[in-house]
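Chain by chain, the residues run as shown.
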Amino acid sequence: MNLMTDEKHYNTLNNYYRHKFPNKVFKIALNGGFTCPNIDGTVAKGGCTFCTPLGSGDFAGSKYDPLRVQFDNIKEMMHLKWPDKANYVVYFQANTNTHGPLTKIKSLFDEAITLDPNIVMISVATRPDSLPDDVLEYLGDLNQRMPLQVELGLQTIFESTSNLINRAHDLKSFDDAVSKLRARNIEVVVHIINGLPYESKEMMLETVRHINKLDVQGIKIHMLHVMEKTKMGFDFKKKPFPILTLEEYVDITVDQLRILNPSIIVHRVTGDAPAKLLMEPKWTLKKFIVQNEIDKRMRLLNAWQGDQYEK
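Another point: empty space enclosed by the protein. Space left empty within the atom packing is revealed by a probe, the size of a water molecule, rolled over the atoms. If you walk through the whole model with that rule in mind, you get one cavity of 30 Å³ or more. Of the voids in this model, the largest cavity is the one considered here, and its volume is about 30 Å³. Contributing to the lining of the largest cavity are Gln155, Ile192, Ile193, Asn194, Glu199, Met204, Thr207 and Gln256. With three residues, the single largest contributor to the lining of the largest cavity is strand S5 (residues 187-194). Residues belonging to the lining of the largest cavity are distributed by class as follows: three nonpolar, four polar and one charged.

Okay, structure coming up:
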């Protein structure tokens, strides 16, 4: 699907939503109260070193509130800015949202898709090592009732980096998870992080080349956030490692987009971090500047998503 424009030289999530749904789409981040297998000792302890105690769900609802309360609160805030009629994607964001008893998973997801008649999709963030057969079977059934996207954290294909940040899963488990989800016709969105400790530009490009080999429908590209209250933040204070500048990040991300399969939807080209926790890089707080710089560079180079893609 080619949704590129003169303004945006890559397939944006916003254009994807416009093409697919009749109204503006809000993604409402819910917290199901899950943990992670590399926090609770199932595969490791401590969690990913870059992750805050909220498990990447810093902008999601509170796990202490029922889903109905979380949904209504966030929906109300969004409509203060955009009062028009909207469609909604319910998004289980924080931690690993398939790491738990199937009864809990089914109860939460089945409830979530009924919170509003204008909900058009459910999105579930998880890890590739947290998709047992019974959960996969349920997700396949859920996808028949409501369009489902599963967001899989990969971050990097390099084992040395993965071990350094305590991902606690290998690349094969990611590849296998993609295959199992696609066998059930479930859309897959992969998360990657640029600027992980000691990775070169070529390593970051190689991660995208690997993704091109898989049947992936979406990608989220993030800049590494070094934050307070994380192991990485603690270690960074003792022994800082090189942080990408804005110019370096733009250069890398543009080159990633150029080699990326042109059919993949780009959900993000930068991420958010809580300002009060962010240590480095501070330039990521200016999200729209980052996006604009990427757009400007692509237009300057007459570069397009996939114009250097190799099958």
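This is not the end of the story, as more comes after the structure.
Burial analysis of S5 places seven of its eight residues in the buried class, which makes it a mostly covered element. Where strand S4 (residues 148-155) meets S5, six bridges bridge the pair, whose relative direction is parallel. In the strand pairing of S5, Val150 is matched with Val188. The sheet contact formed by S5 and strand S6 (residues 218-223) spans six bridges and is parallel.

A few words now on the packing of helix H7 (residues 201-212) against helix H9 (residues 246-259). Put simply, H7 and H9 touch, their axes get as near as 10 Å, and they point 25° apart. Looking at the two axes, H7 sits roughly parallel to H9. In this structure, the crossing between H7 and H9 has a hand that is right-handed. For the pair H7 and H9, the contacting residues are Lys201, Met204, Leu205, Val208, Arg209 and Asn212 in the first and Asp251, Ile252, Asp255, Gln256 and Ile259 in the second. Its residues assigned to classes, the contact of H7 with H9 comprises five nonpolar, two polar and four charged.

All right, on to the sheet that holds S6 then. An order of S1-S2-S3-S4-S5-S6-S8 is seen for the seven strands of this open sheet, with the pairing classed as parallel. The sheet terminates laterally at strand S1 (24-30) and strand S8 (265-268), the two strands that pair on one side only. The sheet shows a mean angle of 25° between the axes of neighbouring strands, direction not considered. Those strands touched by helix H3 (residues 102-112) are S1, strand S2 (86-92) and strand S3 (119-126), and its axis lies near 170° from that of S2. Seen against the sheet, helix H6 (residues 171-183) touches S4 and S5 and runs at an angle of roughly 170° to S4.

With that settled, consider the nonpolar core. Counting 78 residues, the largest nonpolar core has Phe109, Ile122, Leu139 and Ile294 as its most contacted members. Residues contacting Ile294, with those up to four places away along its chain left out, are Tyr10, Tyr249, Val250, Thr253, Val254, Leu257 and Val269. Formed by ten residues, the second largest nonpolar core is a distinct cluster that contains Leu3, Leu13, Val25 and Ile265.

Further remarks concern the pairing of S4. The buried fraction of S4 is high, at eight of eight residues. Here S4 shows a buried face lined by Leu148, Val150, Leu152 and Leu154 and a second buried face lined by Gln149, Glu151, Gly153 and Gln155. In this sheet, S4 lies alongside S3 in parallel orientation, the contact comprising five bridges. Each bridged residue has a counterpart across the sheet, and for Val124 the counterpart in S4 is Val150. Each parallel crossover has a hand, and the one from S3 via helix H4 (residues 133-145) to S4 is right-handed.

Inspection of every chain in the model, using the stated rule, returns 22 salt bridges. Between Lys172 and Asp176 there is a salt bridge, and its shortest N-O distance comes to 2.7 Å. Here Asp176 and Lys172 lie together in helix H6, a separation of four residues that amounts to about one turn. By relative accessible area, which is 30% here, Asp176 ends up partly exposed. A salt bridge links Asp215 to Arg182; the nearest nitrogen and oxygen atoms lie 2.9 Å apart.

The subject of this paragraph is H3. Turning to H3, its buried residues number three or more, namely Ile105, Leu108, Phe109 and Ala112. One face of H3 carries all of its buried residues, which in axial projection span an arc of 90°. Those residues of H3 hidden inside the fold are in contact with S1, helix H2 (67-81), S2, S3 and H4.

This part covers the side chain of Thr126. Of note, Thr126 is situated in strand S3. Polar contacts involving the side chain of Thr126 include one to the side chain of Thr98, which spans 2.5 Å. In contact with Thr126, not counting residues within four places along its chain, are Thr96, Asn97, Thr98, Leu131, Val150, Glu151, Leu152 and Gly153.

Procedures and definitions
Residues numbered from 1 in each chain as written. Predicted model: local features only at pLDDT ≥ 70, side-chain atom pairs only at ≥ 80, totals over all residues. Heavy atoms only, no water. 1 Å grid on protein atoms, 1.4 Å probe; cavity = no way out; pocket = protein on both sides within 12 Å on 5 of 7 lines; lining within 4 Å. Points joined across faces, edges and corners; volume = space filled by probe spheres on them. Helix = DSSP H or I, 4+ residues; strand = E, 2+ residues; numbered from the N terminus. Nonpolar A, V, L, I, M, F, W, Y, C, P; charged D, E, K, R; others polar. Buried < 20%, exposed > 50% of the residue type's maximum accessible area, 1.4 Å probe, protein only. Pairing = 2+ DSSP bridges. Axes fitted to C-alpha atoms, helices over the stretch in contact; angles between N-to-C directions. Parallel < 35°, antiparallel > 145°, perpendicular 65-115°, else oblique. Left-handed = near helix turned anticlockwise from the far one by under 90°. Contact = heavy atoms within 4.5 Å. Core = buried A, V, L, I, M, F, W, Y, C linked by side-chain atoms within 4.5 Å. Right-handed = clockwise from strand over helix to strand, strands pointing away. Salt bridge = Lys/Arg side-chain N within 4 Å of Asp/Glu carboxyl O. Arc of directions from axis to C-beta. Polar contact = N/O pair within 3.5 Å; in protein donor to acceptor, adjacent residues only side chain to side chain.

Note that all results are geometric; they support no functional claim without further evidence.
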